[in-house]
2 protein chains.
Amino acid sequence: MSAHKYAIGVDFGTESGRAVLVATRTGEEIASSVYPYQNGVIDRALPLENDTVELDPEWALQDPEDYIRTLQRTIPAVLKKAGVKAANVIGIGIDFTACTMLPTQNNGTPLCMVPEFRRNPHAWVKLWKHHAAQPEADIINTAARERNENWLDRYGGKISSEWFFSKAFQILDEAPEIYAAADRLIEAADWVIWQLTGQEKRNSCTAGYKAMWSKREGYPPNDYFASLDPRLKNVIDSKMSRNIYPIGDKAGELTAQAAQWTGLQEGTAVAIANVDAHVSVPAASVTETGRMVMIMGTSICHMLLGEEERNVEGMCGVVEDGIIPGLFGYEAGQSGVGDIFAWFINNCIPEEYHQKAQQRSLGIHQLLEEKAVRQKPGAHGLLALDWWNGNRSVLVDVDLSGLLIGATLRTKPEDIYRALIESTAYGTRVIIEAFEKNGVNVNELVACGGLPEKNKMLMQIYADVTGRDFKVSASQQTPALGSAMFGAVAAGRQAGGYESIFDAAKHMARLKNEVYRPNPACQKIYDQLYAEYLRLYDYFGRGGNTVMKTLKRIRDEAQ
Amino acid sequence: MSAHKYAIGVDFGTESGRAVLVATRTGEEIASSVYPYQNGVIDRALPLENDTVELDPEWALQDPEDYIRTLQRTIPAVLKKAGVKAANVIGIGIDFTACTMLPTQNNGTPLCMVPEFRRNPHAWVKLWKHHAAQPEADIINTAARERNENWLDRYGGKISSEWFFSKAFQILDEAPEIYAAADRLIEAADWVIWQLTGQEKRNSCTAGYKAMWSKREGYPPNDYFASLDPRLKNVIDSKMSRNIYPIGDKAGELTAQAAQWTGLQEGTAVAIANVDAHVSVPAASVTETGRMVMIMGTSICHMLLGEEERNVEGMCGVVEDGIIPGLFGYEAGQSGVGDIFAWFINNCIPEEYHQKAQQRSLGIHQLLEEKAVRQKPGAHGLLALDWWNGNRSVLVDVDLSGLLIGATLRTKPEDIYRALIESTAYGTRVIIEAFEKNGVNVNELVACGGLPEKNKMLMQIYADVTGRDFKVSASQQTPALGSAMFGAVAAGRQAGGYESIFDAAKHMARLKNEVYRPNPACQKIYDQLYAEYLRLYDYFGRGGNTVMKTLKRIRDEAQ
């Protein structure tokens, strides 16, 4: 293997795209570059010149030209920063938010770039957090339950309004002319691969997690789609594809045009597209069963590998080849974590604390951590249910809400802060136990994302609450590193890359030296508190007391 | 009746004493004067010269000389301010915090003023909020339950550590030499009357509410006291008195010395002592059944009159002649109200709100009220259990704690503020329903105290939640006015006063013109929310889920 070969990973996020240039031998991240999307998240009005088309509240779109601009800006930038010749870049991989999808013509042109459709919001990219397709998701779920569709179990019994067919169905419902004009309906991730290679090759990750596809059973049957709406009957064969390529495959090679965009050589290997959370797993060194990767930020994605397909309560999905080829990739999630802490910081911190933090040049999180870290578990007397943003796993219920119990006149902000962090750790423990109950073991945790960097107390609490070692990915741009690893695999060993993602992970992925190990004394107290958490979890989450839903109903009626 | 006669009421509070001079014909408050106690609440060390005696954490004492100084400072001050001659002041009444008690010699000298006992904390006045007698209260309760003492029902089944025999028993336990030296154990209220008149005359209010006395049954039997400790057997006959004088009686007349202290005439009529909350009832114009007086401040005292003795769940007490002669006075309470709002203000208001309030020269309560008052009931989606300071009525459980449910990432501070206010209104509704369930009607609410002045939104919420008209006492110093009214009754009609407290209330007590009336639309929504409150109340308060107690146990073990 050559000592001086490189791969590039491009991570397409919600607000920006980021390229990282990585040495294939060592995994060293040589250079990175970020492009903030010109049109960002389009959630108020379409970015039209001389025209105004406003969007409804739950909408969230993107502009596909921002993806091309990301390639045009960031890849030349990392080549330049690193002083690396294009000839030494052997492969490129990308990862994306998902489901982020768009309608295109047969030649790949997004409908929003066709003048006659440009004013129609349905012609644009529907971003993952576009939430306007709930009515269609409801029909999808009702029909699946009525027909006893067995694929529903792979998704914890519920399809999200964020997913592929909810969005596709919304186009048909609200803009049948766009649906008719769409030769293709495609994940943005696969669309970018198409732009890079000239070939429409769809990946197993988004197909599996977002479009109800499985390696063994394929898509749901046509008559299921017909039951939703007769016009949907042939959606797969007419506008999508049954050829799904596993993660780790090579998609093709850079076209002349893509080479011109990026400054890379025509013919450079391009990997099958991937999803940001999923591509982080091998980048966090995990290619085997038993080690759960947690992408920790505003929310947590829990990724885990298994050798068999098991039904686990409240999972977001289980997909063969969905994360690592040859294994079943499980995904679970907590819908509110960092954003609960941010809510608390924005709404509940007294002036005095801000002044203290300022005087000492500390961040407010730092000040709170300093005050809370010395507490023994349970000393604040509080317990919370971490449902400020609903509960994804294992209850799959967006109508649940947050609870805090145990407050007294002596309760301080740092007490609540610690209790909120603990509540999210209990939420993770529920997920771990749901996996283990169904025979999918979790022996160790590996973190990546923004939170682990910022809050050591949080990491220790997670270790203590779950009773498991908690390690941290060395990279601060884990998804892009993962994409670069897949790029190196697409290039292959001969070219200076790797034969498989397993090999790539061995050489390119790395953990920090620090390990958060459970403290047995703390664990013992947390076991008691967790028992109380579970009891409240079941009481409020499983129908013992539906007050949270009643409060939301009364709230909605009042508004 | 002369047009220019006056009475003086003196209200002995926790931090200060206040005198108000009132025109007997109209109830007009002509002048007032406050004396902040020199030694305030003594909770760290005794106020000794050249010596240090520190107190344990739960202790709270007062200095009886502060009471005398209050008389010496405030009464001459109001005479002077008002330009009223002593000859035209026909009577004086006092009210006190309770149970606030002290040991004295036979001549009335407090033991703390006797040099040999001055260094012993047990020789001083034990203030109502002295909480160090819990072990004795526990014994008192256990013994009463074991012996099926029927008086226990009059106190909601539980005697407080704040009450008379808990405190007396603590003296015996911890300082038998003080107990032995104490010829008398007496409420501070009665001690002040003794100082004013030269006669030890004990009032029916403190005897009934704080010392388990009743008009029909007297005190608990000697053998009950003996079961606590043989040395307590004759506590009533040896250190107290079985002669209890009903509220509304005349205690006696000012002695020459008291006349000298106060600048009043020797022989001025003095009323039997009273308690601050209880004396507020006639001052808030209530001398009949069916109208509940709520003294609203850091906590709420609920006072209600009935024609019969009924057992009402979780009452603080029911005492014949305890509030108004000839009627049964019921007392209930919420242990946290204004202090929950203060906790919230001190701990949970973001910097931005303080800045906005400052810019607009508003108080923070005003700013929050402005933001919250426009909300429709239920619009914030929150519900709270108002147990930050435990629950007095009807659960009588200090180990309960606060709960907030329904929080989302969109919850704002004003939402929580409003939910906390509402939760205290629900708490009052539970108390009202407990009364009515037992045949004691509550047709209307009358507020006095600090809160009603400050927060109109709160008043409207209470009206809407309880479905009852809510009126407000006109006086901002209701207890002192009530004491002056009893002073006028002690003086009698001949002297320019009144024959009874009923007559005095007709002429001297007044309500504000404003009435908060329930809004039927709001009431309907609050009925739904209250049903949810009740369900949580019962679940967490009556043993369905003991998590609040478990959290406090774990907290205490951690500390």
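Above this note sits the structure.
Residues numbered from 1 in each chain as written. Chains lettered and ligands numbered in written order. Predicted model: local features only at pLDDT ≥ 70, side-chain atom pairs only at ≥ 80, totals over all residues. Heavy atoms only, no water.

(A) Main features of the packing of helix α1 (residues 64-82) of chain B against helix α5 (residues 188-197) of chain B. Residue and element names in this part refer to chain B. Orientation of α1 relative to α5, taken along the N-to-C sense of each, is 50°, at an axis distance of 11 Å. As judged from the angle between their axes, α1 and α5 are oblique. Judged by the sense of rotation from one axis to the other, the crossing of α1 with α5 is right-handed. Residues P64, Y67, I68 and L71 of α1 form the contact with α5, whose participating residues are A188, W191, V192, Q195 and L196. In the contact of α1 with α5, the residues fall into eight nonpolar, one polar and no charged. (Axes fitted to C-alpha atoms, helices over the stretch in contact; angles between N-to-C directions. Helix = DSSP H or I, 4+ residues; strand = E, 2+ residues; numbered from the N terminus. Parallel < 35°, antiparallel > 145°, perpendicular 65-115°, else oblique. Left-handed = near helix turned anticlockwise from the far one by under 90°. Contact = heavy atoms within 4.5 Å. Nonpolar A, V, L, I, M, F, W, Y, C, P; charged D, E, K, R; others polar.)

(B) Molecular detail of the sheet that holds strand β22 (residues 511-516) of chain B. Residues and elements named next belong to chain B. The mixed open sheet is built from seven strands, whose spatial order is β16-β17-β15-β14-β20-β21-β22. Two strands close off the open sheet at either side, each with one partner strand: β16 (317-320) and β22. Averaged over all neighbouring strand pairs, the angle between strand axes comes to 25°, with direction disregarded. Bridge count between strand β20 (residues 442-448) and strand β21 (residues 470-473): three bridges; the pairing is parallel. Across the sheet, the residue bridging to L445 is F470, located in β21. Along the sheet, helix α14 (residues 413-437) makes contact with β14 (290-296), β15 (300-306), β17 (328-334) and β20, crossing β17 at roughly 150°. (Pairing = 2+ DSSP bridges.)

(C) Representation of the relation of the copies chain A and chain B in the model. It takes a turn of 180° to lay chain A on chain B, together with a shift of 0.0 Å along the axis; the resulting RMSD is 0.0 Å. Here the transformation between the copies is reduced to the relation of a two-fold axis. Taken as a fraction of all interface residues of chain A, those also at the interface in chain B reach 100%, which identifies the copy contact as same-surface. (Least-squares fit on C-alpha atoms with pLDDT ≥ 70 in both.)

(D) Structural view of the sheet that holds strand β15 (residues 300-306) of chain A. All names here are of chain A. Judged by pairing direction, the sheet is mixed, and its seven strands sit side by side in the order β16-β17-β15-β14-β20-β21-β22 without closing on themselves. Only two strands of the sheet have a single neighbouring strand rather than two, namely β16 (317-320) and β22 (511-516). Here the average twist between neighbouring strands, direction ignored, is 25°. Inspection of the sheet shows strand β14 (residues 290-296) paired to β15 by four bridges, in the antiparallel sense. If you follow I295 over to β15, its bridge partner there is C301. Running over the sheet, helix α14 (residues 413-437) touches β14, β15, β17 (328-334) and β20 (442-448) and is turned about 150° from β17.

(E) Looking closely at the interface of chain A and chain B. Taken residue by residue, the interface counts 54 residues in chain A and 54 residues in chain B. Between chain A and chain B, the buried area comes to about 4,600 Å², and carbon and sulfur atoms account for 58% of it. The tally of links between chain A and chain B comes to zero salt bridges. Remark: the boundary between chain A and chain B carries 17 residue pairs in polar contact (both at pLDDT 80 or more). Those elements giving two or more residues to the side of chain A that touches chain B turn out to be α11 (338-347), α12 (351-359), β19 (402-407), α14, α19 (520-541) and α20 (547-558) of chain A. Among the elements that line the side of chain A that touches chain B, the one with the most residues is α20 of chain A, at nine residues. Taken together, the residues of the side of chain A that touches chain B break down into 28 nonpolar, 17 polar and nine charged. Looking at chain direction, β19 of chain A and strand β19 (residues 402-407) of chain B are connected through five bridges and run antiparallel. When the sheet's bridge partners are listed, L403 of chain A is paired in β19 of chain B with I405 of chain B. (Buried area = accessible area lost by both parts, 1.4 Å probe. Salt bridge = Lys/Arg side-chain N within 4 Å of Asp/Glu carboxyl O. Polar contact = N/O pair within 3.5 Å; in protein donor to acceptor, adjacent residues only side chain to side chain.)

(F) Quick peek at helix α2 (residues 134-146) of chain B. Residue and element names in this part refer to chain B. Helix length check: α2, at 13 residues, gives a terminal C-alpha distance of 18 Å against a target of 18 Å (1.5 Å per residue), a fit within 8%. Those residues of α2 lying buried are E136, A137, I140, N141, A143 and A144. The buried side chains of α2 occupy one side of the element, clustering within an arc of 165° when seen end-on. Close packing links the buried residues of α2 with α3 (164-174) and α7 (222-228). (Expected span 1.5 Å × (residues − 1). Buried < 20%, exposed > 50% of the residue type's maximum accessible area, 1.4 Å probe, protein only. Arc of directions from axis to C-beta.)

(G) Spotlight on α12 of chain A. Within the sequence span of α12 of chain A, burial applies to Y353, H354 and A357 of chain A. Taken end-on, α12 of chain A shows its buried residues confined to a sector of 100°, consistent with a single buried face. The exposed residues of α12 of chain A that point more than 90 degrees off its buried face are Q358 and Q359 of chain A. Structurally, α12 of chain A contributes buried residues whose contacts are with α13 (364-372) and α14 of chain A together with α12 (351-359) of chain B. Positioned one or two residues after α12 of chain A, S361 of chain A has a phi angle of 55°, which is positive.

(H) Fine view of the packing of aromatic side chains. A complete count under the given rule lists 48 aromatic pairs over all chains for this structure. Relative to Y537 of chain B, the ring of Y533 of chain B has its centre 5.6 Å away and its plane inclined at 45°; by these criteria the two rings are tilted. Of the two residues, Y533 of chain B and Y537 of chain B both sit in helix α19 (residues 520-541), four residues apart, roughly one turn of that helix. Per residue, the accessibility class of Y533 of chain B equals that of Y537 of chain B, and both read buried. In this structure an aromatic cluster arises from ring pairing among W151, F164, F165, Y219, Y224 and F225 of chain A. (Phe/Tyr/Trp six-rings, centres within 6.5 Å; stacked < 30°, edge-to-face > 60°.)

(I) Representation of the pattern of salt bridges in the model. Residue and element names in this part refer to chain A. Applying the stated criterion across every chain, the model contains 70 salt bridges over all chains. A salt bridge links R242 to D237, with the shortest nitrogen-to-oxygen separation between them at 2.9 Å. Of the charged contacts in the structure, one is a salt bridge between K512 and E514, with a shortest N-O distance of 3.9 Å. Among the residues examined, K512 registers a relative accessible area of 25% and is labelled partly exposed. Assessed through its relative accessible area of 29%, E514 is described here as partly exposed.

Everything listed is a geometric property; what it means functionally is a separate question.
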